[in-house]
Amino acid sequence: MPTSAALRAPRSGPGQTWLRRLTNGDEVARLITLAFAATILLLTGWLIYQLWSTSAVPRHKFGFGFLTSSQWNPVEGQFGALPFIYGTVITSILSLLIAVPLGVGAAIFLSELAPPGTSSAFTFFIELLAAVPSVIYGVLAVFTLVPLMRDYVEPFLKKTLGFTALFSGPIFGFGYLTAAVILAIMTLPFIISISREALLEVPTEQREAALALGATRWESTWQAVVPYARLGIFGSVFLGLARALGETMAVTMVIGNDPSLHASLFSPGYTIAAVIANEFTEATGELYPQALVALGLVLFLLTIVINALARLLIIATTRRGSAHP
Amino acid sequence: MSFRNRWRKILSSLMLSLTGVCAVVAVSILFLILGLLVYNGWRSVDWNFFTQLPKSPGETGGGMANAIVGSCEIVVLATLIGLPVGFMAGVYLAEFGGKTFAFLVRYTADLLNGVPSIVIGIFAWSVLVVRMHTYSALAGGFALAMILIPITARSTEQFMTSVPQTLREGALALGASKWKTIATVVVPAAHRGIATGMILGVARIAGETAPLLFTSLNNQYWNTSLTQPTASLPYMIYTRAMSPYDDWHRQAWAAGMVLLLLVLFANVAARLILSRGIAVQK
């Protein structure tokens, strides 16, 4: 009876309007969707709580020594995270060294040079590349990249750069460098698509002004356009870094599974995600699985901080050009 | 022209062509992946692959029928949990969201989206596997749903906010209540975009392996219930590729090709749906 309700409208107050909105359905709909939105917060909170409470035993036993010890010996109950943290960080940084120049270069081409048709076709293919499941990268890495690295790339690097500790020692094919290459391929699409969006946000005047001052096309791009979009590009790099740190399957398949520290990039190592993937189902007792959960917590904190930074940078650039204060 | 200016011009064209090389390299990686998988997978896939159970380690032949069905089970479970929750949360963010709380939810969803999938696996393990004392399809489905929820929420929100405000105003002016406006005007107008986001999300979780390692585990046989360890295609690919047997490597290629083609097909289909509906989301 909507009409009679409208006629009796004058009796109003905050409670009354709330009740009316409730019978109207709007308030019900808002509360229902609100509950689902809150689910996201609850799940995330629960996730953090579970990681924290399930890693209590090693946290009390080792304290911060867990992060700095390089002993990982499940049989004797020795658990130190350093070799895994080192492997995770070194493979991720190496992968960025490969992916960032390649990705930013490709993004510049797609946003500044390519005709719209080519640009959107390339972007489409690059987004497909981002959709390829991680385990498939793993299969390709094991069967094609590892032999390639073992037989050609690593011997070449050893011959030319072998005088440094980074590129010396025996060659296996499995190890930090191979993991870094596959990670670079996997992070590349994220860096390209987000950098491209940041570059497209740059106003045309910025380019025209540089060209009018007599800059070449490249100088205009590199000195006027790229600095303008720098926050978004940094954001894409951080996002790529977070992906690389948490990437599991492909790395697990090529890292070589050696829980000790090595200077050589050719040597087998381990990452946090890889050791969790490999040892979790075999971990017995109380301390061992909890030590792996503690590693998971370290990985979670590492990626959450870098992701938060990346999101802030991306929000900052998409709201306004980064050249404005 | 002075030497310096000539050098600037040369540098300009050199660097610009280098950026082109970067783009071509990035795109050719996709075709290399596709080519290698189809080349190796096509030689390895046969009818048995789709109809038979896996053989014991070292034996030749067999297939992955149970893993294909298991994957479907786990993905359907995750979809049944993840899509409704994600969709409703997305509706809230787009239509009812205030300033602070909506920002918080949005930011948390993005962070949850960035949590490594193996950590999600640990969470599902500690919540379900430990309590139920068994690995199960249920735990795998729950883990994948955790990944699907923030993806769906954010894409639903994105496509609903791109529906023009005038459409909403038109409906409200005709006397429709807000929820009726959303249900009969906004969602239908954005339905292609929302569907695209959902398909992309499901395609993403279908290929996830890490969250399944210690939630649904694996199974050599047909399983009859959702509370048993369940085989899945990504997990099979992993174990087959890491095994020392040539015949299992062959199967890894075959399964990899099937999975990749499914995922890429879903992605292309989703984008086609979207490109036809582009008119409504100006």
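Thresholds applied
- Residues numbered from 1 in each chain as written.
- Chains lettered and ligands numbered in written order.
- Predicted model: local features only at pLDDT ≥ 70, side-chain atom pairs only at ≥ 80, totals over all residues.
- Heavy atoms only, no water.
- Helix = DSSP H or I, 4+ residues; strand = E, 2+ residues; numbered from the N terminus.
- Rg over C-alpha atoms; globule rule 2.2 N^0.38 Å.
- Buried < 20%, exposed > 50% of the residue type's maximum accessible area, 1.4 Å probe, protein only.
- Contact = heavy atoms within 4.5 Å.
- Areas by Shrake-Rupley, 256 points an atom, 1.4 Å probe, with all protein chains shown as cover.
- Phe/Tyr/Trp six-rings, centres within 6.5 Å; stacked < 30°, edge-to-face > 60°.
- Lys NZ or Arg CZ within 6 Å of the ring centre and 35° of its normal.
- Salt bridge = Lys/Arg side-chain N within 4 Å of Asp/Glu carboxyl O.
- Polar contact = N/O pair within 3.5 Å; in protein donor to acceptor, adjacent residues only side chain to side chain.
- pLDDT = per-residue confidence, 0-100.
- Domains from an automatic or database assignment.
- Buried area = accessible area lost by both parts, 1.4 Å probe.
- Axes fitted to C-alpha atoms, helices over the stretch in contact; angles between N-to-C directions.
- Parallel < 35°, antiparallel > 145°, perpendicular 65-115°, else oblique.
- Left-handed = near helix turned anticlockwise from the far one by under 90°.
- Nonpolar A, V, L, I, M, F, W, Y, C, P; charged D, E, K, R; others polar.
- Expected span 1.5 Å × (residues − 1).
- Bend = angle between axes of the 7 residues up to and from the residue.
- Core = buried A, V, L, I, M, F, W, Y, C linked by side-chain atoms within 4.5 Å.
- Arc of directions from axis to C-beta.

1. Concerning the overall build of chain A
Reasoning step 1: Assigned secondary structure in chain A consists of 15 helices and 2 strands.
Reasoning step 2: Relative to the globule expectation of 20 Å for 325 residues, the C-alpha radius of gyration of chain A, 26 Å, shows a markedly less compact shape.
Reasoning step 3: Once the C-alpha set of chain A is aligned to its principal axes, its extents read approximately 90 × 70 × 35 Å.
Reasoning step 4: The buried share of chain A, reckoned over its 325 residues, is 54%.

2. Remarks on the overall build of chain B
Reasoning step 1: Across its full length, chain B holds 11 helices and 0 strands.
Reasoning step 2: For chain B, the succession of helices and strands along the chain, N to C, is α-α-α-α-α-α-α-α-α-α-α.
Reasoning step 3: The principal-axis extents of the C-alpha atoms in chain B amount to approximately 70 × 65 × 35 Å.
Reasoning step 4: Per-residue burial for chain B yields a buried fraction of 55% across its 282 residues.
Reasoning step 5: Taking all contacts inside chain B whose residues are at least 6 apart in sequence as the whole, residues at least 24 apart take part in 74%.
Reasoning step 6: About 12,200 Å² of surface is accessible on chain B, with carbon and sulfur atoms providing 69% of the total.

3. Details of the packing of aromatic side chains
Reasoning step 1: Per the counting criterion, the structure on display carries 24 aromatic pairs over all chains.
Reasoning step 2: When the ring of Phe123 of chain B is compared with that of Phe142 of chain B, the centres are 5.9 Å apart and the planes differ by 40 degrees; the resulting orientation is tilted. Of this pair, Phe123 of chain B sits in helix H5 (residues 117–132) while Phe142 of chain B sits in helix H6 (residues 137–161), and the two are 19 residues apart along the sequence. With respect to burial, Phe123 of chain B and Phe142 of chain B carry one shared label: buried.
Reasoning step 3: Among the aromatic residues, those joined into a ring-pair cluster are Phe62, Phe66, Trp72, Phe79, Phe84, Tyr270 and Tyr288 of chain A.
Reasoning step 4: It is Arg59 of chain A that lies over the ring of Trp52 of chain A; its NZ or CZ is 3.5 Å from the centre.
Reasoning step 5: The ring of Trp248 of chain B is capped by Arg240 of chain B, whose NZ or CZ atom sits 3.7 Å from the centre of that ring.

4. Looking at the pattern of salt bridges
Residue and element names in this part refer to chain B.
Reasoning step 1: Counted under the stated rule, the structure contains 11 salt bridges over all chains.
Reasoning step 2: For Arg106, the salt bridge is made with Glu157, and the minimal N-O distance between the two is 2.8 Å. With Arg106 in helix H4 (residues 100–114) and Glu157 in helix H6, the pair connects residues that are 51 residues apart, well separated along the chain.
Reasoning step 3: For Glu157, a relative accessible area of 7% gives the class buried.
Reasoning step 4: Between Arg154 and Glu157 there is a salt bridge; the shortest N-O distance is 2.7 Å. Of this pair, Arg154 and Glu157 both sit in helix H6, 3 residues apart, which is roughly one turn of that helix.
Reasoning step 5: Shared partners join several salt bridges into a network, and the residues in it are Arg106, Asp110, Arg154 and Glu157.

5. Thoughts on the side chain of Ser236 of chain A
Residues and elements named next belong to chain A.
Reasoning step 1: Within the element layout of this structure, Ser236 appears in helix H12 (residues 230–246).
Reasoning step 2: In this structure the side chain of Ser236 is engaged in a polar contact, spanning 3.0 Å, whose partner is the side chain of Ser195.
Reasoning step 3: When residues no more than four places from it in sequence are discounted, the contact partners of Ser236 are Phe190, Ile191, Ile194 and Ser195.

6. Section: the confidence of the model for chain A
Residue and element names in this part refer to chain A.
Reasoning step 1: Averaged over all residues, the pLDDT of chain A is 89; the fraction at 70 or higher stands at 92%.
Reasoning step 2: Under a pLDDT of 50 for its full length, residues 1–12 has, in the predicted model, 2 contacts with residues more than four places off or in other chains.
Reasoning step 3: Note that residues 320–325 has pLDDT below 50 and, in this model, 10 contacts with residues that lie over four places away or in other chains.

7. Side note on the domain arrangement of chain B
Residue and element names in this part refer to chain B.
Reasoning step 1: Assigned domains of chain B: these are domain 1 (3–44) and domain 2 (50–275).
Reasoning step 2: The C-alpha-based centres of domain 1 and domain 2 are spaced at 32 Å.
Reasoning step 3: Contacts between the two partners involve 9 residues from domain 1 and, on the opposite side, 8 residues from domain 2.
Reasoning step 4: When domain 1 packs against domain 2, close to 790 Å² is buried across both sides, 84% of that on carbon and sulfur atoms.
Reasoning step 5: If you sort the residues of domain 1 by the area they bury against domain 2, Leu34, Leu37 and Ser44 come out on top, with a joint share of 56%.

8. Description of the packing of H4 of chain B against H6 of chain B
Residues and elements named next belong to chain B.
Reasoning step 1: Their axes nearest at 9 Å, the elements H4 and H6 cross at an angle of 135 degrees. Relative to H6, the element H4 lies oblique. As for the relative orientation of H4 and H6, their crossing is left-handed in sense. Counted together, Arg106, Ala109, Asp110, Leu112 and Asn113 of H4 and Met146, Pro150, Ile151, Arg154 and Glu157 of H6 form the full contact between these two elements.
Reasoning step 2: Considering only residue class, the contact of H4 with H6 consists of 5 nonpolar, 1 polar and 4 charged.

9. Looking at H5 of chain B
Quick reminder: α-helices carry 3.6 residues per turn. Residues three or four places apart thus point the same way.
All names here are of chain B.
Reasoning step 1: Here H5 spans 21 Å end to end across 16 residues, near enough to the 22 Å set by a 1.5 Å rise per residue.
Reasoning step 2: The largest bend in H5 is about 40 degrees, located at Trp125.
Reasoning step 3: Burial of H5 is extensive: 13 of the 16 residues sit out of reach of the surface.
Reasoning step 4: At the C-terminal side of H5, His133 shows a positive phi close to 60 degrees.

10. Observations regarding the nonpolar core
Generally speaking, nonpolar side chains in soluble globular proteins are found buried as a group.
Reasoning step 1: If you look at the biggest cluster of nonpolar residues, it comprises 176 residues, and the most contacted ones within it are Trp72, Tyr137, Ile276 and Leu295 of chain A together with Ile118 and Met160 of chain B.
Reasoning step 2: Those residues within four positions of Trp72 of chain A in sequence are excluded, and the remaining contacts are Gln78, Phe79, Gly80, Phe84, Pro259, Val275, Glu279, Tyr288, Ala291, Leu292 and Leu295 of chain A.
Reasoning step 3: Counting 11 residues, the second-largest nonpolar core is a separate cluster that includes Val104, Val226, Ala229 and Ile233 of chain A.

11. Some points on the packing of helix H6 (residues 82–113) of chain A against helix H11 (residues 217–228) of chain A
Between two packed helices, both the angle of their axes relative to each other and the distance between the axes serve to describe the pair.
Residue and element names in this part refer to chain A.
Reasoning step 1: In the contact formed by H6 and H11, the axes pass within 12 Å of each other and the chain directions differ by 105 degrees. Considering the angle they form, H6 stands roughly perpendicular to H11. Contacts between H6 and H11 involve Ile108, Glu112 and Leu113 on the former and, on the latter, Arg217, Thr221, Trp222, Val225 and Val226.
Reasoning step 2: When grouped by side-chain class, the residues that make up the contact of H6 with H11 number 5 nonpolar, 1 polar and 2 charged.

12. Things to note about the interface of chain A and chain B
Reasoning step 1: Listed as interface residues are 80 residues of chain A and, on the opposing side, 79 residues of chain B.
Reasoning step 2: Surface buried jointly by chain A and chain B totals about 7,100 Å² across both partners, of which 82% is contributed by carbon and sulfur atoms.
Reasoning step 3: At the surface where chain A touches chain B, the tally comes to 2 salt bridges.
Reasoning step 4: For the pair chain A and chain B, the number of links is 10 residue pairs in polar contact (both at pLDDT 80 or more).
Reasoning step 5: No other element matches helix H3 (residues 26–54) of chain A, which puts 19 residues into the side of chain A that touches chain B.

13. A few points about helix H8 (residues 178–189) of chain B
All names here are of chain B.
Reasoning step 1: Residues of H8 that are buried include every one of Thr181, Ile182, Val186, Val187 and Ala189, and no others. Projection of H8 onto a plane perpendicular to its axis shows the buried side chains occupying an angular sector of 140 degrees, all on one side.
Reasoning step 2: If you follow the buried residues of H8, they end up packed against helix H3 (65–96), H6, helix H7 (165–173) and helix H9 (191–206).

14. Focus: unusual backbone geometry
Reasoning step 1: Despite not being glycine, Asn257 of chain A has its phi angle at roughly 55 degrees, a positive value.
Reasoning step 2: A positive phi angle, near 55 degrees, is found at Leu217 of chain B, a position not held by glycine.
Reasoning step 3: Topologically, Leu217 of chain B is positioned in the loop between H9 and helix H10 (233–242).

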